[in-house]
Every structure is written in C-alpha cells, then in structure tokens.
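# Breakdown of the fold
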Amino acid sequence: DGTLFPYTTLFRSNSIFHGNNNDLQKSVRITLKIKRKRLLISVKDEGNGFKFNKLIDPTNSENIRKEFGRGIFIIKALTESVCYRKNYCFLKFSF
C-alpha cells in the first residue's frame, strides 16, 4: 500500500545527498527484515556519519525557514525507534 515508500525514499535521498555527497561511485544499501512481527530497515551509505545528538530541531523558530534538517526529525516521529551507528541507520516499525 506504499507505507514504506516515504521512509525508504527519504533515507535513500539523505544517504545519497548528505552521506555520499552525490558521488555516483558510492553506494547506498537498504535492507529490510522482519523480526518478532516488526519490520527492521537498515540503511548504510559510504559517508563519514553524523552526530545524531547534534541535529537541529526544525520546529524551533530559528530553523523553520531552513531548507534542511527535517528528514531525520520526520523519521523519528513516524517510527517506533531509530538507532544510529557510524554509517548505519536502523529503523524499527510496528504494524
């Protein structure tokens, strides 16, 4: 029904643009698994990672008009949990 499309599209785009700096020679790997009635999505790019705790809050008045910073915020709001490790992002969904 297209439920996964926004998640995978957003993370793929972030990985290509931010992680791999639009380098077409670098890859992005998305893995889907079902474990204990939960869908786990893993996204890995070839970038250097980022500081998860240092991300801006796009709801702050000073950030509202910025054209970046919403992707991770949206994913965190819509998923059960998000875990980051260097170059990896794990998402956990319940259906």
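Residues numbered from 1 in each chain as written. Predicted model: local features only at pLDDT ≥ 70, side-chain atom pairs only at ≥ 80, totals over all residues. Heavy atoms only, no water.

## A closer look at the overall build of the chain
This is how it is decided: Secondary structure elements are taken from DSSP: a helix is a run of H or I of four residues or more, a strand is a run of E of two residues or more, and numbering for both begins at the N terminus. Relative accessible area decides the class of each residue, using a 1.4 Å probe on protein chains only: under 20% of the type maximum gives buried, over 50% gives exposed, and in between gives partly exposed. Contacts are assigned to residue pairs with any non-hydrogen atoms lying within 4.5 Å of each other. Shrake-Rupley sampling with a 1.4 Å probe provides the accessible areas, and residues are treated as covered by the protein chains on show and by no other component.
Secondary structure assignment for the chain yields 2 helices and 4 strands. Overall, the chain shows an N-to-C arrangement of helices and strands of α-β-β-α-β-β. In the chain, which comprises 95 residues, the share counted as buried stands at 27%. A sequence separation of at least 24 residues applies to 48% of the contacts in the chain between residues at least 6 apart. Accessible surface, the chain as shown: approximately 7200 Å² in total, 52% of it carbon and sulfur.

## Re a nonpolar patch on the surface
What counts is decided by this rule: Patch membership requires over 30% relative accessible area and the absence of a salt bridge. Like charges are linked within 9 Å, and nonpolar side chains (Val, Leu, Ile, Met, Phe, Trp, Tyr) within 5 Å. Whenever a carboxyl oxygen of Asp or Glu lies within 4 Å of a side-chain nitrogen of Lys or Arg, that contact is scored as a salt bridge.
Together, F73, I74 and L78 make up a nonpolar patch on the protein surface, roughly 270 Å² of accessible area in all. Note on placement: L78 falls in helix 2 (residues 71-78). Its relative accessible area of 52% is what places L78 among the exposed residues.

## Considerations on the environment of L32
Structurally, the position occupied by L32 is in strand 1 (residues 29-35). A sequence separation of 24 residues divides L32 from T8, and the C-alpha atoms of the two residues are 9.9 Å apart.

## Overview of the side chain of S15
Under the convention used in this document: A 3.5 Å cut-off defines polar contacts: any pair of N or O atoms within that distance qualifies, except that in protein one atom must be a possible hydrogen donor and the other a possible acceptor, and neighbouring residues in sequence count only when both atoms are side-chain atoms.
Mapped onto the elements of the fold, S15 is located in helix 1 (residues 5-19). Reaching out from S15, the side chain makes a polar contact with the side chain of D45 at a distance of 3.3 Å.

## Observations regarding the confidence of the model for the chain
Let me state the cut-off plainly: Confidence scores here are pLDDT values: one per residue, from the predictor, ranging 0 to 100.
Scored by pLDDT, the chain comes out at a mean of 80, with 86% of its residues at no less than 70. Averaged pLDDT values for the elements of the chain fall to 56 in strand 4 (residues 88-94) and rise to 86 in strand 1.

## Thoughts on helix 1
Owing to its 3.6 residues per turn, the α-helix aligns residues three or four sequence positions apart on the same side. Note the cut-off: The span one expects for a helix is its residue count, reduced by one, times 1.5 Å.
For helix 1, with 15 residues, the first-to-last C-alpha span of 20 Å sits near the 21 Å given by 1.5 Å per residue. Among all positions in helix 1, only Y7, T8, T9, F11, N14, S15 and G19 are buried. Among the residues trailing helix 1, N21 stands out with phi positive, at a value near 50 degrees.

## Some remarks on helix 2
Keep this limit in mind: An arc is given here, and it is the one of the directions from the helix axis to the C-beta atoms.
Within the span of helix 2, buried status applies to G71, I72 and I75. Seen from one end, helix 2 has its buried residues packed into an arc of 90 degrees, which puts them on one side.

## Digging into the environment of F50
Structurally, F50 can be placed in the loop between strand 2 (38-44) and helix 2. Apart from the residues lying within four places of it in its own chain, the contact partners of F50 are L55, I72 and Y84.

## Points about the packing of helix 1 against helix 2
Definition in use: For every element, the axis is a line fit to its C-alpha atoms; helices are fit only across the contacting stretch, and the angle between N-to-C directions ranges from 0 to 180 degrees. The scheme is simple: roughly parallel for angles under 35 degrees, roughly antiparallel for over 145, roughly perpendicular for 65 to 115, oblique for anything else. Crossings are assigned a handedness: left-handed for a near helix turned anticlockwise from the far helix by less than a right angle, right-handed for a clockwise turn. Classification used: nonpolar for Ala, Val, Leu, Ile, Met, Phe, Trp, Tyr, Cys and Pro, charged for Asp, Glu, Lys and Arg, polar for all others including Gly.
Packing of helix 1 against helix 2 brings their axes to within 10 Å, and their N-to-C directions diverge by 150 degrees. The angle between helix 1 and helix 2 falls in the class roughly antiparallel. Between helix 1 and helix 2 the crossing geometry is left-handed. Contact residues: helix 1 offers Y7, L10, F11 and N14, while helix 2 offers G71, I72, I75 and L78. Residues of the contact of helix 1 with helix 2, tallied by class, amount to 6 nonpolar, 2 polar and no charged.

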